[in-house]
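The residues making up each chain are set out below.
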Amino acid sequence: MAAASFTAAKFLAPVAARSGGDKAPSFPAAAAASMRPLRRRPAPRLSSVLAVSSDVLAGNKAAPAAAAHPAVTREEALELYEDMVLGRNFEDMCAQMYYRGKMFGFVHLYNGQEAVSTGFIKLLNQPDCVVSTYRDHVHALSKGVPARSVMAELFGKATGCCRGQGGSMHMFSEPHNLLGGFAFIGEGIPVATGAAFAAKYRHEVLKQSGPDGLDVTLAFFGDGTCNNGQFFECLNMAQLWKLPIVFVVENNLWAIGMSHLRATSDPEIWKKGPAFGMPGVHVDGMDVLKVREVAKEAIDRARRGEGPTLVECETYRFRGHSLADPDELRRPDEKSHYAARDPITSLKKYIIEQNLASEAELKSIEKKIDDVVEEAVEFADASPLPPRSQLLENVFADPKGFGIGPDGKYRCEDPKFTQGTAQV
Amino acid sequence: MLGAARRQLGSGPMLGQVLRRLRPASADAARGYAAAGKEITVREALNTALDEEMSADPSVFLMGEEVGEYQGAYKITKGLLDKYGPDRVLDTPITEAGFTGIGVGAAYQGLRPVIEFMTFNFSMQAIDHIINSAAKSNYMSAGQINVPIVFRGPNGAAAGVGAQHSQCYAAWYAHVPGLKVLAPYSAEDARGLLKAAIRDPDPVVFLENELLYGESFPVSDEVLDSSFSLPIGKAKIERKGKDVTITAFSKMVGYALQAADILSKEGISAEVINLRSIRPLDRAAINASVRKTNRLVTLEEGFPQHGVGAEICMSVVEESFEYLDAPVERIAGADVPMPYAANLERLAVPQVEDIVRAARRACYRAVPLAATA
């Protein structure tokens, strides 16, 4: 399919041309690749993606580009499929609920970008962290937060993952190491860098090591964020201190109504990695298997202590920026181009052609997800609103200052605790 | 020692001039220390507090510009790099937003960062993280994620450093729910409050003062003990009095004590409250004092509009209105960006004479407002 009919082609063409030894891969590769027979490869490397490192890492040349997919087992494929279908159905249900008045405020949906969330987050362990933006519902679901908790949070109920305190843009779940949910773009990047810092600190200073290596943090953010100062500050410090973080750019070409090309002097975001000394990788974000392969490499690098990677995923949001966005500026041909590359349809096709599962099995997964999402709505509907007393709770972990002693009481109330000469 | 004028060498890169400091004469009498008191500077107090807390808890680490090899822009972190190594004392690039956010993210994961701003003016580059990622997170996450972080550094006017280096941020940070804001005055305050701040599970903004770093204060053995700490949210009565209450924090406490000495010669007995904690404000102590003296002068160095004094006045009006015998007097800095010229700078911050005049007004010793050049 010709990539020339919309503006993204201007910057994607040179990217394609530079792939492994100047052989242009078939591009866009998703539709083509899924029709090729699976080729067994000795070890999964960075195939069908573009990886360019600066001179600093001159030893790590990218493997030659080839548009084939690496092996994926049946179980893995079904897990990926189920996760993406959950993300899609959940977001569609959010739109319905919003228009019925059950959900309110700012709601930003992830339709079309599922391959990025699933491709990356399904490779993580529980202690690994995810930091996201306001478009965080599906990151929460992929990380394991139950659909009913997310839906109840969106409805503003006391059973939500943040008891209704955070809302759509502020999903936090400590047991899943989902560290937010940030409304300001770029805000999550330093926080994610800090979580990676903590992982390294735990390993090197506190000598608490996990068996797999360092805990990894993923920072998700968009193309607009890549022009923000904090992004560059963190690329610098993450590489300087070799932090176990992967910077995942979900380049969906649009920041509300601002086209990436109108906002950015050099639109090839992956190039900004090598400028700071880390590998910069561009990947087709509409293809979950390609994303997953790049993610594996980047996450493993981080775990081994080799430092950060910048991964630019070319993706697209099928809906507007938020449910309040009329979405008038994007051209229909651009939208239809990406709709034809729907990651869920592509994976389904791949699974069936590779005989990893039957149509009926996939349908039953879809049915199961339908039930999960329905149940989530029923649960959220039936849940109570937060009690009025919740308004003043949790401003501080310790309202009285300087901590709770071993007996469970506030230290400042302990008569034996040194108070110096303060007249209390 | 009492009442002696001291020459203190200016400290830090921005102060190249000699400052004359007048020791608050009544301080020792009010404190009731054991006779053989030791003296330490505020700088030593902060340094030892950091040292002891880092030694006691390996998850405490320092991050900021020049905190390591330079030994601290104002030498507060002197010796800590050698003692704890570069993994725990981190020199950062000039990236306030970045490294503040990194500190917050590390705190989310259970570490206890102490982030230094070279001055709090630079915290404005990171204020999004102080407020949106740190202060609000415990609330937004419904208690799942607390942020045990300390943001510290010099606040307020120094000497001749101009408009962009002289602002007081007490009112700004104290406005935000989810932050604790502390402002030490003496060495005892500095030690006790910094230790409390580091041990606290919530974000604490710790406002020091550059001109106090070199000032010495007597301290008891209790204060020097490594388990010493002061409660957050409690003010200290620095000097007992019965005619007028003067509230102050940070460097202004010293000025208030000097003013109290002058007033005592005129027969006005002033009670000086060292707030120590701007958020939470010790409203109980302030109101109890006003109910006793019936007159209030609030004193701060920062801009007057929406300042700390405005909040204190409202607190007293709400709780102790019937007890007031005179309108509340508010002494604050001039409502202008800080000028550079030395004589104008003197006009722009409260001086001891201003405090004395305000106290006299509150006590109906009518003296009209007059500025001195």
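Residues numbered from 1 in each chain as written. Chains lettered and ligands numbered in written order. Predicted model: local features only at pLDDT ≥ 70, side-chain atom pairs only at ≥ 80, totals over all residues. Heavy atoms only, no water.

Chain B is annotated in an unreviewed UniProt entry as Pyruvate dehydrogenase E1 component subunit beta from Brachypodium distachyon. Listed under Subunit (unreviewed entry) in UniProt, the entry text for chain B is "Tetramer of 2 alpha and 2 beta subunits." For the record of chain B, the UniProt heading Cofactor (unreviewed entry) holds the text "thiamine diphosphate". (UniProt positions renumbered as here; feature names shortened; annotations may be inferred.)

Where an unreviewed UniProt entry is consulted, chain A appears under the name Pyruvate dehydrogenase E1 component subunit alpha, with the organism given as Brachypodium distachyon. Taken verbatim from the UniProt record of chain A, the Function (unreviewed entry) comment is "The pyruvate dehydrogenase complex catalyzes the overall conversion of pyruvate to acetyl-CoA and CO(2). It contains multiple copies of three enzymatic components: pyruvate dehydrogenase (E1), dihydrolipoamide acetyltransferase (E2) and lipoamide dehydrogenase (E3)." According to UniProt, the comment filed for chain A under the heading Subunit (unreviewed entry) is "Tetramer of 2 alpha and 2 beta subunits."

**Focus: the pattern of salt bridges**
All names here are of chain A. Taken as a whole and judged by the stated rule, the model has 49 salt bridges over all chains. In this structure, the salt-bridge partner of Lys290 is Asp284, at a minimum N-O distance of 3.9 Å. Judged on exposure class, the residue Lys290 and its partner Asp284 are both buried. Among the ionic pairs, Lys290 bridges to Asp287, the shortest N-O distance being 3.7 Å. Both residues of the pair, Lys290 and Asp287, belong to the buried class. Residues participating in the shared-partner salt-bridge network are Asp284, Asp287, Lys290, Glu314 and Arg341. (Salt bridge = Lys/Arg side-chain N within 4 Å of Asp/Glu carboxyl O. Buried < 20%, exposed > 50% of the residue type's maximum accessible area, 1.4 Å probe, protein only.)

**Thoughts on the interface of chain A and chain B**
In this complex, chain A contributes 57 residues to the contact, which on the side of chain B involves 63 residues. Between chain A and chain B, roughly 4,800 Å² of surface is buried when both sides are summed, and carbon and sulfur atoms account for 64% of that area. Here chain A is connected to chain B by zero salt bridges. Along the contact surface separating chain A from chain B lie 18 residue pairs in polar contact (both at pLDDT 80 or more). Going through the elements one at a time, strand S3 (172-173), strand S4 (178-179), helix H7 (188-204) and helix H8 (229-240) of chain A are the ones with two or more residues in the side of chain A that touches chain B. With ten residues, the top contributor of residues to the side of chain A that touches chain B is H7 of chain A. Class assignment for the residues of the side of chain A that touches chain B results in 30 nonpolar, 18 polar and nine charged. (Contact = heavy atoms within 4.5 Å. Buried area = accessible area lost by both parts, 1.4 Å probe. Polar contact = N/O pair within 3.5 Å; in protein donor to acceptor, adjacent residues only side chain to side chain. Helix = DSSP H or I, 4+ residues; strand = E, 2+ residues; numbered from the N terminus. Nonpolar A, V, L, I, M, F, W, Y, C, P; charged D, E, K, R; others polar.)

**A few points about the side chain of Glu53 of chain B**
Residues and elements named next belong to chain B. In this fold, Glu53 is placed in helix H2 (residues 42-56). Taking the relative accessible area as the measure of exposure, Glu53 reaches 5% and is therefore buried. In this view, Glu53 contacts Val60, Lys195, Ile198, Arg199 and Ser226; residues no more than four positions away in its chain are not counted.

**Here we look at the packing of aromatic side chains**
The full count for this structure, using the stated rule, is 20 aromatic pairs over all chains. Taking the centre distance of 5.1 Å and the plane angle of 85 degrees together, the rings of Tyr169 of chain B and Trp172 of chain B count as edge-to-face. Note on Tyr169 of chain B: relative accessible area 0%, which makes it buried. Linked through ring pairs, Phe99, Phe117, Phe120, Phe151, Tyr169, Trp172 and Tyr173 of chain B together constitute an aromatic cluster. Geometry around Phe379 of chain A places Arg148 of chain A over its ring, the cationic atom sitting 4.0 Å from the centre. Of note, Lys180 of chain B hangs over the ring of Phe396 of chain A, and the distance from its end group to the ring centre comes to 4.6 Å. (Phe/Tyr/Trp six-rings, centres within 6.5 Å; stacked < 30°, edge-to-face > 60°. Lys NZ or Arg CZ within 6 Å of the ring centre and 35° of its normal.)

**Some details on the UniProt feature "domain: Transketolase-like pyrimidine-binding" (unreviewed entry) in chain B**
UniProt tags residues 40-215 of chain B as "domain: Transketolase-like pyrimidine-binding" (unreviewed entry). Its end C-alpha atoms 8 Å apart, residues 40-215 of chain B is made of 36% helix and 16% strand.

**Some points on the sheet that holds strand S13 (residues 270-274) of chain B**
Residue and element names in this part refer to chain B. Strand order across the open sheet formed by five strands is S11-S13-S12-S15-S16, with mixed pairing between neighbours. Strand pairing shows two members of the sheet lacking a second neighbour, strand S11 (236-239) and strand S16 (329-331), which therefore form its edges. If you compare each strand with its neighbour and ignore which way they point, the axes differ by 25 degrees on average. The sheet contacts of helix H11 (residues 283-293) involve strand S12 (244-248), S13 and strand S15 (296-299), and relative to S13 the element is tilted by about 175 degrees. (Pairing = 2+ DSSP bridges. Axes fitted to C-alpha atoms, helices over the stretch in contact; angles between N-to-C directions.)

**Digging into a nonpolar patch on the surface**
Residue and element names in this part refer to chain B. The grouping of Met314, Val317 and Phe321 at the surface amounts to a nonpolar patch, some 270 Å² of accessible area in total. The residue Phe321 is located in the loop between helix H12 (308-320) and S16 in this model. Given a relative accessible area of 54%, Phe321 falls into the exposed group. (Patch = residues over 30% accessible without salt bridge, like charges linked within 9 Å, V, L, I, M, F, W, Y side chains within 5 Å. Areas by Shrake-Rupley, 256 points an atom, 1.4 Å probe, with all protein chains shown as cover.)

**Some remarks on unusual backbone geometry**
The amide bond that connects Gly180 of chain A to the next residue, Gly181 of chain A, takes the cis arrangement and shows omega of 20 degrees. On the secondary structure map, Gly181 of chain A appears in the loop between S4 and H7. Backbone torsion omega between Arg279 of chain B and Pro280 of chain B reads -5 degrees, so that peptide bond is classified as cis. Relative to the helices and strands, Pro280 of chain B is located in the loop between strand S14 (277-279) and H11. Phi at Lys75 of chain B is positive, roughly 65 degrees, even though this residue is not glycine. Non-glycine residue Ala142 of chain B carries a positive phi angle of around 55 degrees. With respect to the helices, strands and loops of the structure, Ala142 of chain B is situated in the loop between helix H6 (137-140) and strand S7 (150-154). Look at Ala142 of chain B and you get buried, because its relative accessible area is 11%.

**Thoughts on the confidence of the model for chain B**
Reading fine detail from the predicted coordinates is not recommended where pLDDT is low. Residues and elements named next belong to chain B. Averaged over all residues, the pLDDT of chain B equals 90, while 88% of them reach at least 70. Ignoring residues within four places in sequence, the model shows residues 1-35, a span with pLDDT below 50, making 74 contacts including any to other chains. The ipTM value of the predicted complex is 0.81, and its pTM value is 0.82. (pLDDT = per-residue confidence, 0-100.)

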